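# Structural overview for review
Listed here are the chains, written in short residue letters.
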Amino acid sequence: MARIDIPRKSIYRLSIYQRCLGKLRENDVDTVSSEALAKAAGVKSTQLRKDLAYFGQFGTRGLGYSVDVLSNTIAEVLGQNHLQPVILVGVGNLGSALLRYGGFRKEGFDVVAAFDIAPRGQAALKIPILNLTEMTRFIRENQVKMAILTVPASGAQAVTNQMVESGIQAILNFSPTVLDVPEHVVVNSVDLAVELENLSYFIR
Ligand SMILES: NC(=O)c1ccc[n+]([C@@H]2O[C@H](COP(=O)([O-])OP(=O)(O)OC[C@H]3O[C@@H](n4cnc5c(N)ncnc54)[C@H](O)[C@@H]3O)[C@@H](O)[C@H]2O)c1
């Protein structure tokens, strides 16, 4: 499957479809029409069909999609069939708040360790908080491919370089800086200020 040719927004929407399918599963619903699933996901049904067409032929005309088959396929595409190990770097206010959140595991992500230049023991966090000097060895030994970056902007690029050299291929970046990474590495940046700014436009 040529992942490269699939638009990133389609991959985002797969996660949204997967959440809707999860709710249908909880309610013991076996099949769903593309219109109903699209409506639940907040997209047009043409968009849904186009997104799913990247991954094969689903659904039967008039019958809709099998909730189980579609959900399992999306899980496979998104790599949710096994727990994905993730590390976090920068255990300050934001980093430790994220580490205290226990919900990533049920979404398929296992935050296995966190790193800091000045690690402080935080028993409540339940995972090892290690010195940054141990990061490369840890990533290689545990074949970690994903990282969450919550260091100050000044250190973000250097940490990123070290992560990428060690084998990290996907970074969820909270640092307010544009990261320079090689082509095979994907960065998703989150900036709550941008989101707030966008909302503030609509309340005028
Ligand atoms: N994207 C967002 O919406 C959003 C929201 C809040 C904060 N942030 C950003 O997240 C980052 C962290 O914010 P915070 O409030 O948690 O800061 P903080 O100062 O509380 O924590 C930063 C932590 O990173 C560690 N650190 C510093 N340099 C490091 C390095 N080179 N390698 C490893 N660890 C290092 C520090 O020891 C500290 O524990 C900042 O860049 C901030 O701007 C982003």
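No experiment lies behind these values; they were computed from the predicted model shown.

### A few points about the overall build of the chain
Scanning the chain from N- to C-terminus turns up eight helices and eight strands. Seen along its three principal axes, the alpha-carbon backbone of the chain occupies a region of about 60 × 50 × 35 Å. A total of 204 residues make up the chain; the buried ones form 22% of that total. Looking at the chain alone, contacts between residues at least 24 apart form 54% of all its contacts between residues at least 6 apart.

### Observations concerning the site of the ligand
The ligand sits among 23 residues. The nearest are Gly-90, Gly-92, Leu-94, Gly-155 and Leu-192. At the level of secondary structure, the elements contributing two or more residues to the shell around the ligand comprise helix 5 (93-100) and helix 7 (153-166).

### Notes on the packing of helix 1 (residues 8-26) against helix 2 (residues 34-41)
Between helix 1 and helix 2, the shortest axis-to-axis distance is 9 Å and the interhelical angle comes to 105 degrees. The angle between helix 1 and helix 2 places the two elements in the roughly perpendicular class. Judged by residue contacts, Arg-13, Ile-16, Tyr-17 and Cys-20 of helix 1 engage Leu-37, Ala-40 and Ala-41 from helix 2. Looking at the contact of helix 1 with helix 2 residue by residue, the class counts come to six nonpolar, no polar and one charged.

### Quick look at the nonpolar core
The nonpolar side chains of soluble globular proteins are, as a tendency, buried together. With 22 residues, the main nonpolar core has Val-86, Ile-87, Leu-88, Val-89, Ala-147, Leu-149 and Ile-168 as its most contacted residues. Mapped by element, the contributors of at least two residues to this core are strand 3 (84-89), strand 4 (109-116), helix 6 (135-142), strand 6 (146-149) and helix 7. When near neighbours in sequence (up to four residues on either side) are disregarded, Ala-147 contacts Val-86, Ile-87, Val-89, Met-163, Ile-168 and Ile-171.

### Section: the environment of Gly-64
Residue placement: Gly-64 occurs in the loop between helix 3 (45-53) and strand 2 (65-66). Along the chain, Gly-64 and Lys-145 lie 81 residues apart, while their C-alpha atoms are 36 Å from each other.

The rules behind these values
- Residues numbered from 1 in each chain as written.
- Predicted model: local features only at pLDDT ≥ 70, side-chain atom pairs only at ≥ 80, totals over all residues.
- Helix = DSSP H or I, 4+ residues; strand = E, 2+ residues; numbered from the N terminus.
- Buried ≥ 20, exposed ≤ 12 C-beta atoms within 10 Å, placed from the backbone.
- Contact = placed C-beta atoms within 7 Å.
- Near = placed C-beta within 6 Å.
- Axes fitted to C-alpha atoms, helices over the stretch in contact; angles between N-to-C directions.
- Parallel < 35°, antiparallel > 145°, perpendicular 65-115°, else oblique.
- Nonpolar A, V, L, I, M, F, W, Y, C, P; charged D, E, K, R; others polar.
- Core = buried A, V, L, I, M, F, W, Y, C linked by C-beta atoms within 7 Å.

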